[in-house]
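Listed here are the chains, written in short residue letters.
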Amino acid sequence: MTQAPRLAPEELLMALADRFYAEVSADEVLRALYPDEDLTDAARHLGWFLVQARGGPLTYFDRRGHPSLRARHVPFPITGGLRDRWLRHMRTALDGSGIDDGERAKLWRWFVASADALVNVP
Ligand code: HEM
């Protein structure tokens, strides 16, 4: 019997970014922050970033330059409420991601810390 091919970690992370942005697109409040009508590019950028951050190829760096996440988020007023929404969607996306438990737990801790650090409105 043939088994479904397991997705490589990079594919899982790209798919995680797609799932996350599918959640964002259904959230009117968070969605309003994103300038583009089409979230495909935003999902791709997040996916490349995640792959790079987890030790994969440096596609993000090659195409987008230094991540400078704090600076890149300055144009968007991020309140604690928006952080919570972002994290809620990421939790949903992670839970359906097929990423193994240990890696999921690591990613989640890192997302919580990063999202906290990106709040830029009291
Ligand atoms: C705290 C809540 C957050 C909000 C409200 C938020 C919002 C946004 C917005 C509005 C953009 C611009 C998208 C565009 O240009 O189309 C963006 C880009 C991005 N965000 Fe966030 N973000 C949050 C947290 C995070 C976290 C925790 C990470 C990573 C761990 C992250 C990674 C990124 C990346 C990689 C980009 C693309 C940057 C680029 O190359 O242009 N964000 N985010």
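Before any of the text, the structure's been laid out above.
All chains use their own residue numbering, which begins from 1 and follows the written sequence. In view of the model being predicted, local features appear only for residues whose pLDDT reaches at least 70, and side-chain atom pairs are presented and counted only at 80 or more, with totals across whole chains, interfaces and linings using the full set of residues. Each side-chain value is worked out from all heavy atoms of the structure, with water and hydrogens disregarded.

A.B. asks: Honestly, the coordination of the iron atom of the ligand in this entry has me stumped. Any pointers?
C.D. replies: A metal bound by six donors in octahedral fashion has ideal angles of 90 or 180 degrees, whereas one bound by four tetrahedral donors has an ideal angle of 109.5 degrees. Note on donors: an N, O or S atom is included if it sits within 2.8 Å of the metal, or within 3.2 Å for Na, K and Ca, and water is never included, so sites can look incomplete. The protein supplies the iron atom of the ligand with one donor atom, His73 (NE2), which lies at 2.0 Å. If you trace the backbone, His73 turns up in helix α5 (residues 69-73). Helix and strand assignments come from DSSP, with helices taken as H or I runs of at least 4 residues and strands as E runs of at least 2, each series counted from the N terminus.

A.B. asks: Just checking my understanding: could you explain the pattern of salt bridges for this structure?
C.D. replies: Salt bridge criterion: a side-chain nitrogen from Lys or Arg within 4 Å of a carboxyl oxygen from Asp or Glu. Throughout the structure, instances matching the rule amount to seven salt bridges. For Glu103, the salt bridge goes to Arg54, with nearest N and O atoms at 2.8 Å. Placement of the pair is Glu103 in helix α7 (residues 101-118) and Arg54 in the loop between α3 (40-53) and α4 (59-64), with a sequence separation of 49 residues. The shortest N-O distance in the salt bridge between Asp84 and Arg83 comes to 3.1 Å. It is possible to trace a salt-bridge network through shared partners that takes in Arg83, Asp84 and Asp116.

A.B. asks: Help me out: how do you make sense of the packing of aromatic side chains in this one?
C.D. replies: To describe a pair of aromatic rings, one takes the distance between the centres and the angle between the planes. Aromatic rings from Phe, Tyr and Trp, with only the six-membered ring used for Trp, were paired whenever their centres fell within 6.5 Å, and each pair was classed as stacked if the ring planes differed by under 30 degrees, edge-to-face if by over 60, and tilted otherwise. Per the stated rule, a full pass over the model turns up seven aromatic pairs. Pairing Phe20 with Trp86 gives two aromatic rings, centres 4.7 Å apart and planes at 50 degrees, and the pair type is tilted. Separated by 66 residues along the polypeptide, Phe20 in helix α1 (residues 9-25) and Trp86 in helix α6 (residues 80-95) bring together distant segments of the chain. Assigned by exposure class, Phe20 and Trp86 land together as buried. Each residue is assigned to one of three classes by its accessible area relative to the maximum for its type, calculated with a 1.4 Å probe on protein chains only: buried under 20%, partly exposed between the two thresholds, exposed over 50%.

A.B. asks: Help me understand the site of the ligand, please; the structure alone is not making it clear to me.
C.D. replies: Here a residue counts as near a molecule or strand whenever at least one of its heavy atoms sits within 4 Å of it. Taken together, 21 residues sit near the ligand, with Tyr34, Tyr60, Arg64, His73 and Trp86 positioned nearest. Within the contact set of the ligand, an oxygen atom lies 2.5 Å away from a side-chain nitrogen or oxygen of Tyr60. For the ligand, a nitrogen atom lies 2.8 Å from a polar atom in the side chain of His73. A cavity, in this analysis, means grid points on a 1 Å lattice covering only the protein atoms where a 1.4 Å probe fits yet has no way out; a pocket is instead an open set bounded by protein on both sides within 12 Å along at least five of seven lines, and a residue lines either one if it has an atom within 4 Å of a point. Grid points define the cavity or pocket, and a molecule sits in it when more than half of its atoms lie within 2 Å of them. With respect to the pocket detection grid, the ligand is positioned in the largest pocket. For the shell around the ligand, the secondary structure elements donating two or more residues are α3, α4, α5, α6 and α7. Here the term charged refers only to Asp, Glu, Lys and Arg, the term nonpolar to Ala, Val, Leu, Ile, Met, Phe, Trp, Tyr, Cys and Pro, and the term polar to all other amino acids, Gly among them. Residue classes in the shell around the ligand are distributed as 15 nonpolar, three polar and three charged. Here a polar contact is recorded for every N or O atom pair within 3.5 Å, except that within protein the pair must consist of a potential hydrogen donor and a potential acceptor, and residues adjacent in sequence are included only if both atoms are side-chain atoms.

A.B. asks: Help me out: how do you make sense of the packing of α1 against α6 in this one?
C.D. replies: The relative placement of two packed helices is expressed as an angle between their axes plus a distance between the axes. Running from N to C, α1 and α6 cross one another at 130 degrees; their axes reach a closest spacing of 8 Å. Taken together, the axes of α1 and α6 lie oblique to each other. As for how α1 packs across α6, the hand of that crossing is right-handed. Contacts between α1 and α6 pair Leu16, Arg19, Phe20, Glu23 and Val24 from the former with Trp86, His89, Met90, Thr92, Ala93 and Leu94 from the latter. Note on definitions: angles span 0 to 180 degrees between N-to-C directions of axes, and those axes are lines fitted to C-alpha atoms, for helices only across the stretch in contact. Relative orientations are named as follows: roughly parallel for angles under 35 degrees, roughly antiparallel for angles over 145 degrees, roughly perpendicular for angles from 65 to 115 degrees, and oblique for any other angle. Two helices that cross are described as forming a left-handed crossing if the nearer one is turned anticlockwise from the farther one by less than a right angle, and a right-handed crossing if clockwise. Contact between two residues is taken to exist if any of their heavy atoms lie within 4.5 Å; hydrogens are not considered.

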